[in-house]
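# Coordinates in review
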Amino acid sequence: MCGKSNRRRADFVVHYRTHTDKKPYACDMCKKKCATKGGLDTHRRTHIGDKPYFCVMCGKECTTKGDLDKHRPIHKAEKPYKCPILGKAFTDAINRDTQYRNVNIAM
């Protein structure tokens, strides 16, 4: 399909699911489906409030390492993502795009 190769069969099975949308692990609280047990375990943290990752600069707690990685740039002065309408700068593209959509809706 994509040419990716895996050394272990288990890794191949998990990767193959990205092409088939097969998600055999379902959350018993909200029925969200995940491709891996690890993904389901991470998702469950949102229900129980488990936030094992925290920012050493401000103490903000995060559910996933990815959320913490998205948070960290707010402590830097760099804001490379600029709104083309208002000129306001953001630390990440997601916040810029959200602002852009909100401004367009209001106009």
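All values derive from a computational prediction rather than experimental measurement. Within any chain, residue numbers begin from 1 and follow the written order of that chain's sequence. It should be noted that, the model being predicted, local features are given only for residues of pLDDT at least 70 and side-chain atom pairs only at 80 or more, the latter also being counted only at that level, while totals for whole chains, interfaces and linings use all residues. To get the side-chain values, take all heavy atoms of the structure and skip hydrogens and water.

### Quick word on the overall build of the protein
Assigned secondary structure in the protein consists of four helices and six strands. When the helices and strands of the protein are read in sequence order from the N terminus, they spell out α-β-β-α-β-β-α-β-β-α. Taking 107 residues into account, the globule formula puts the C-alpha radius of gyration at 13 Å, and the protein, at 19 Å, lies well above it. Each principal axis of the C-alpha distribution contributes one length, and for the protein these read about 50 × 35 × 30 Å. Within the protein, the proportion of its 107 residues that are buried is 16%. When the accessible area of the protein is evaluated, it comes to approximately 8300 Å², of which 52% is carbon and sulfur surface. Positive residues here are Lys and Arg, negative ones are Asp and Glu, while His and the chain termini are left out of the count. To locate a charge, take atom NZ for lysine, CZ for arginine, CG for aspartate or CD for glutamate. The positive charge centre, built from 24 side chains, and the negative charge centre, built from 11, are 4 Å apart in the protein. Going along the chain from the N terminus, every DSSP run of H or I of four or more residues is numbered as a helix, and every run of E of two or more is numbered as a strand. The quantity called the radius of gyration is restricted to C-alpha atoms. Its globule counterpart is 2.2 Å times the number of residues to the power 0.38. For every residue, the accessible area obtained with a 1.4 Å probe (protein chains only) is divided by the maximum for its type, and the residue is called buried under 20%, exposed over 50%, and partly exposed between those limits. Areas reported as accessible are Shrake-Rupley estimates using a 1.4 Å probe. Residue values count occlusion only from the protein chains shown.

### Some words on helix α2 (residues 37-48)
Helix span is expected to be 1.5 Å times the residue number reduced by one. Taking 1.5 Å per residue, twelve residues should reach 16 Å; α2 reaches 17 Å between its end C-alpha atoms and fits that length. Along α2, the positions that sit buried rather than exposed are L40, H43 and R45. Those residues of α2 that are buried lie in contact with β1 (25-26), β2 (33-34) and β3 (53-54). After α2 finishes, the residue G49 shows a positive phi value of roughly 80 degrees. Contacts are residue-level and defined by heavy atoms, with any inter-residue pair within 4.5 Å sufficient.

### Looking at the environment of S5
Position of S5 among the secondary structure elements: in the segment before α1 (9-20). Judged by relative accessible area, which is 64%, S5 ranks as exposed. Separated by ten residues in the primary sequence, S5 and H15 place their C-alpha atoms 9.3 Å from one another.

### Focus on the UniProt feature "domain: C2H2-type" (unreviewed entry) in the protein
UniProt positions are given in the numbering used here, feature names are shortened, and annotations may be inferred rather than shown by experiment. As recorded in UniProt, the sites labelled "domain: C2H2-type" (unreviewed entry) are residues 1-24, 25-52 and 53-80. Counted over residues 25-52, helix gives 43% and strand 14%. Its end C-alpha atoms are 22 Å apart. Taken end to end, residues 53-80 has its terminal C-alpha atoms 25 Å apart, with 25% of it in helix and 14% in strand.

### Some words on the pattern of salt bridges
In what follows, salt bridge is the name for a side-chain nitrogen of Lys or Arg lying within 4 Å of a carboxyl oxygen of Asp or Glu. As enumerated under the stated definition, the model contains six salt bridges in all. For R44, the salt bridge is made with D28, and the minimal N-O distance between the two is 4.0 Å. Of this pair, R44 sits in helix α2 while D28 sits in the loop between β1 and β2, and the two are 16 residues apart along the sequence. Given a relative accessible area of 28%, R44 falls into the partly exposed group. On the basis of relative accessible area, D28 is assigned to the exposed category, the value being 53%. For R44, the salt bridge identified is with D41, shortest N-O distance 3.8 Å. One end of the pair is R44 and the other is D41, both in helix α2 and three residues apart, which spans about a single turn. By sharing partners, the salt bridges in this structure join D28, K37, D41 and R44 into a single network.

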